[in-house]
Amino acid sequence: MKTERDSFSSKFGVIAAAAGSAIGLGNIWKFPYIAGENGGGVFLIVYLVFILLIGIPVMMSEFIIGRKAHKNVFGAFRELTNSGFWKIIGVMGVMAAFFILSFYGTVAGWTMEFLILAITDSFSGRDAHEIEQLFSTFSEGAYKPVIFQIIFMAITALIVIGGIRKGIEKYTKILMPLLIVIILYLDITAVSLKGGGEGLRFLFNPDFSKLSPKLFIDALGHAFFTLSLGMGVLMTYASYFQKDTNLTSTSVSVAMADTIIALLAGIAIFPAVFAFSTEPAAGPGLVFITLPNIFELIPGGYVFSILFFLLLAVAALTSSISILEVVVAYLSEEKDISRTKATILAASAITVTGVLCTLSIGPLSDFLIFGFNIFELLDKVASNILLPLGGMLISIFVGWKMKRHIVIDELSNYGKVRIASIHLFMFLVRYLAPIAIFFVFLHGIGIIKI
Ligand code: PHE
């Protein structure tokens, strides 16, 4: 099956596309809620260390492989090695994409519902408790959240079929900075709330007694999730990079932009949680319960709430298309199915699993596997197991399997840019990243204790 390959026209286009995939619900919805569940500040520190020492080197590794091979994740390993073993990265990636998009669609559906609530001015006059009620009644329902999920998945599929993602990415460059401006506005309001300081302390003052194996696994899984790492998304994007794209600085920019947005979201949310006496460990509903309270307080809150949920849905969309693409690339390039058919097939199958995730919040909430509902289970398996394992293999591939001169050629654009420290990079991908991931796993399943 032949696929057209073109490349991004500008440097900023490259970064915008990769950042569009990375920045999404992970930053604004997931980061605050799992930081809240894991005690705040101490989670933040572990998470930042993982981004720096594992996330960035693994992202650079995906970029190196993708640009060198000029292929998606399956083709790439076929191109670069004779061994069939590395296919496993692609196989795990497809599974992870399937699982992630299932629950991602649930949350994106909630975002759309909240957009409608914002448009119909439904937050005004409600206190924090009533907004919490509004969220649980809606998300535990059997119809509305499912309908919004289906609509979101249909839009995702249409964009992937229509090949209009370049168009979307063009708008991303304007829309994402706008989202940042709105979050900054929320930040300013949130930190000046009475009692808000408590929230900042929660986020920035580490309480080391909260360290636990679960915290390490959650932080590692989230570092991968939020940067879109470990399943070949960024590898595929890098296959479209130009020869002069600087892989190191692109990785650092994407990781920085992603981290800053997550921090800004946290700075808006935790002060509000404490000021309105809601619960930092409220779980997946945290953002939806907390932010409407702030919109009620700020001048122009009506308009800003609409803009916020609209832009959050767009941010979710630029991530969801990158996730769907992994499954579509697999079906169309490995199984020889046309792209349109592959997209319809993948999106439909994912929507079916996705509906189960959505229903597992309400009607199916008693159905538990290993103590998790379906939503949580798919998230844990994908984010905390499949993505880090994929990342571990990717870094081992670049560290041990690829020829060192190829790695140097890619990082230096064939001698055109200076590499800060190849020794440091090689140390990170050969030893530190794989060993740290392995260690967090053993620690998480209780084999080793510290
Ligand atoms: N990084 C995206 C987010 O933070 C989610 C994602 C995960 C996208 C894995 C692609 C691959 O929302």
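A brief report on the enclosed structure follows.

Parameters at a glance
- Per chain, the residues get numbers from 1 upward, laid out in the order the sequence is written.
- The predicted nature of this model means local features are confined to residues of pLDDT at least 70 and side-chain atom pairs, given and counted, to a pLDDT of 80 or more, with totals for whole chains, interfaces and linings taken over all residues.
- Processing note: side-chain calculations cover all non-hydrogen atoms of the structure and skip hydrogens and water entirely.
- Cavity means a closed set of points on a 1 Å grid over the protein atoms alone, one where a 1.4 Å probe fits but cannot get out, pocket means an open set with protein on both sides within 12 Å along at least 5 of 7 lines, and lining means a residue has an atom within 4 Å of a point.
- Grid points are joined across faces, edges and corners, and a volume is the space filled by probe spheres set on the points.
- The helix and strand labels rest on DSSP assignments: H or I over at least four residues marks a helix, E over at least two residues marks a strand, and numbering proceeds from the N terminus.
- Three residue categories are used. Nonpolar comprises Ala, Val, Leu, Ile, Met, Phe, Trp, Tyr, Cys and Pro, charged comprises Asp, Glu, Lys and Arg, and polar comprises the others, including Gly.
- Salt bridges are defined as contacts in which a side-chain nitrogen from Lys or Arg sits within 4 Å of a carboxyl oxygen from Asp or Glu.
- Accessibility here uses a 1.4 Å probe with only protein chains present; expressed as a share of the type maximum, an area under 20% marks a residue as buried, one over 50% as exposed, and anything in between as partly exposed.
- Only a single heavy atom is needed: when it lies within 4 Å of a molecule or strand, its residue is near that molecule or strand.
- We call two N or O atoms a polar contact when they sit within 3.5 Å, provided that within protein one can donate a hydrogen and the other can accept it, with sequence-adjacent residues counted only if both atoms are side-chain atoms.
- The protein chains shown are the only cover counted for residues, whose accessible areas, like all others here, come from Shrake-Rupley with a 1.4 Å probe.
- Think of it this way: if more than half of a molecule's atoms are within 2 Å of a pocket's grid points, that molecule is in the pocket or cavity.
- Angles here are taken between N-to-C directions and fall from 0 to 180 degrees, while the axes themselves are lines fitted to C-alpha atoms, restricted in helices to the stretch in contact.
- Roughly parallel means an angle under 35 degrees; roughly antiparallel, over 145; roughly perpendicular, 65 to 115; everything else is oblique.
- It is the rotation of the near helix from the far one that decides the hand of a crossing: anticlockwise by less than a right angle makes it left-handed, clockwise makes it right-handed.
- Note on contacts: a residue pair qualifies if any of its non-hydrogen atoms lie within 4.5 Å across the two residues.

**Remarks on the layout of surface pockets**
Over the atoms rolls a probe the size of a water molecule, and its path tells where empty space is left. By volume, the second largest pocket amounts to about 320 Å³. Forming the walls of the second largest pocket are 14 residues, and the residues nearest its centre are I217, F372, K380, N384 and I385. When residues of the lining of the second largest pocket are traced back to their parent elements, those giving at least two are α10 (213-226), α16 (374-401) and α18 (422-444). Of all the elements, α16 adds the most residues to the lining of the second largest pocket, at five residues. Residue composition of the lining of the second largest pocket, by class: nine nonpolar, two polar and three charged.

**A closer look at the pattern of salt bridges**
Pairing between side chains of opposite charge can happen when the charged atoms of each approach one another. In total, this model carries ten salt bridges according to the counting rule given. Measuring nitrogen to oxygen at the nearest pair gives 2.6 Å for the salt bridge that ties K214 to D218. Here the residue K214 and the residue D218 both occupy positions in helix α10, the gap between them amounting to four residues, near one helical turn. Under the relative-accessibility criterion, K214 is labelled partly exposed at 40%. Taking the relative accessible area as the measure of exposure, D218 reaches 4% and is therefore buried. Residues D218 and K380 are paired through a salt bridge, measuring 3.8 Å at the closest nitrogen-oxygen approach. Here D218, found in helix α10, pairs with K380, found in helix α16; they are 162 residues apart in sequence, far enough to count as distant. When salt bridges that share partners are traced, they join K214, D218 and K380 into one network.

**Observations regarding the site of the ligand**
In the vicinity of the ligand there are 15 residues, among which A22, G26, Y104, F225 and S228 approach most closely. Here a nitrogen atom of the ligand and a backbone polar atom of S21 are 3.3 Å apart. For the ligand, whose accessible area on its own is 320 Å², the fraction buried by protein is 100%. Taking a 2 Å distance to the grid points as the criterion, the majority of the atoms of the ligand fall inside the largest cavity.

**Quick look at the packing of α10 against α18**
Running from amino to carboxyl end, α10 crosses α18 at an angle of 140°, the nearest separation of the two axes being 8 Å. Between α10 and α18, the angle falls in the class oblique. In terms of crossing hand, the pair formed by α10 and α18 is left-handed. Residues P213, F216, I217, L220 and F224 of α10 pack against I437, V440, F441, H443 and G444 of α18.

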